[in-house]
Amino acid sequence: MNLEGLPPLTTVWAGGAVFLSLLEKFGFVTEYQMGLSVRSIVEKQQYWRLVTTFMYFGPFNINLFIKLFFYLRFAIVLELDAYVSRRRAEFFWLFFVSSLSVLLLSSVIPMQFLSEPLSFVLLYVWCRRNRHVRVNIFGLLVFNAPYLPFLELGISMVRSWAEALPIALGIALGHTYEFLTAQWPREYESQGRNWIAPPQLWINMF
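An unreviewed UniProt entry annotates the protein as Derlin originating from Malassezia sympodialis. Note on the protein: under the UniProt heading Sequence similarities (unreviewed entry), the record states "Belongs to the derlin family." Here the protein is described in UniProt, under the heading Function (unreviewed entry), as follows: "May be involved in the degradation of misfolded endoplasmic reticulum (ER) luminal proteins."

Structural notes on the overall build of the protein
In terms of regular secondary structure, the protein is built from 10 helices and 2 strands. Written out in order from the N terminus, the α and β elements of the protein read α-α-α-α-α-α-α-β-β-α-α-α. Expressed as a percentage of the 206 residues in the protein, the buried residues total 42%. The long-range fraction of contacts in the protein, counting pairs at least 24 apart against all pairs at least 6 apart in sequence, stands at 60%. Accessible area of the protein: about 12,100 Å², with a carbon and sulfur share of 64%.

Structural notes on the packing of aromatic side chains
Counted by the stated rule, this structure contains 12 aromatic pairs. Between Trp-13 and Phe-95, the ring centres sit 5.2 Å apart and the planes meet at 85°, which makes this aromatic pair edge-to-face. Taken together, the positions of Trp-13 in helix α1 (residues 8-25) and Phe-95 in helix α6 (residues 88-105) put the pair 82 residues apart, joining distant regions of the chain. Among the aromatic residues, ring-to-ring pairing joins Trp-13, Phe-57, Phe-70, Tyr-71, Phe-74, Phe-95, Phe-120 and Trp-126 into one connected group. Lying across the ring of Tyr-32, Arg-49 places its NZ or CZ 4.9 Å from the centre.

Digging into unusual backbone geometry
In the Ramachandran plot, Gln-45 falls in the positive-phi region, its phi being about 55° despite a non-glycine side chain. With respect to the helices and strands, the residue Gln-45 is situated in the loop between α3 (38-44) and α4 (49-55).

Reading the values: rules and limits
- Residues numbered from 1 in each chain as written.
- Predicted model: local features only at pLDDT ≥ 70, side-chain atom pairs only at ≥ 80, totals over all residues.
- Heavy atoms only, no water.
- UniProt positions renumbered as here; feature names shortened; annotations may be inferred.
- Helix = DSSP H or I, 4+ residues; strand = E, 2+ residues; numbered from the N terminus.
- Buried < 20%, exposed > 50% of the residue type's maximum accessible area, 1.4 Å probe, protein only.
- Contact = heavy atoms within 4.5 Å.
- Areas by Shrake-Rupley, 256 points an atom, 1.4 Å probe, with all protein chains shown as cover.
- Phe/Tyr/Trp six-rings, centres within 6.5 Å; stacked < 30°, edge-to-face > 60°.
- Lys NZ or Arg CZ within 6 Å of the ring centre and 35° of its normal.

This is how it looks when you write it as structure tokens:
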């Protein structure tokens, strides 16, 4: 991964993840203080939880960097492609809508940290938009990109349903986003409407 080539949003996300893990490692904060808690947000005005819940990927160890490499490399490619094609607003809108959707669903499906489902939304979107790309897993398995999220889901289900739930949520949200932004307008072109396209004001910002 070329750190110098990281685009801005992914840079902040990855840097924030490492920073929060370091703060926990040296005892400045605890894992509980970074997780999503509606009661703490409403009653104690701990609004930072709305951000840290998307940035915390776990304790500062080798597993953290493995997760960041696996999850965020797809976000990097999506954002870099958006910058090259001058579609930055669309990527930032994808990130915003995905974060908001995960946050809203967390009230129905209790989750303390939302970084993993958000990551899998971006992973699923990348896989669908690069469906003919061949993915290599440890030099043992080679398959088309769209199968990757479901492989990860299957592996997680073998371990535990609690571990698989955030991945399943991310896949479901990613599929919904791709359907509404790509498949629906293509199949119903006569209506000519993208139901969750970024508003013009948002586009002008980027």
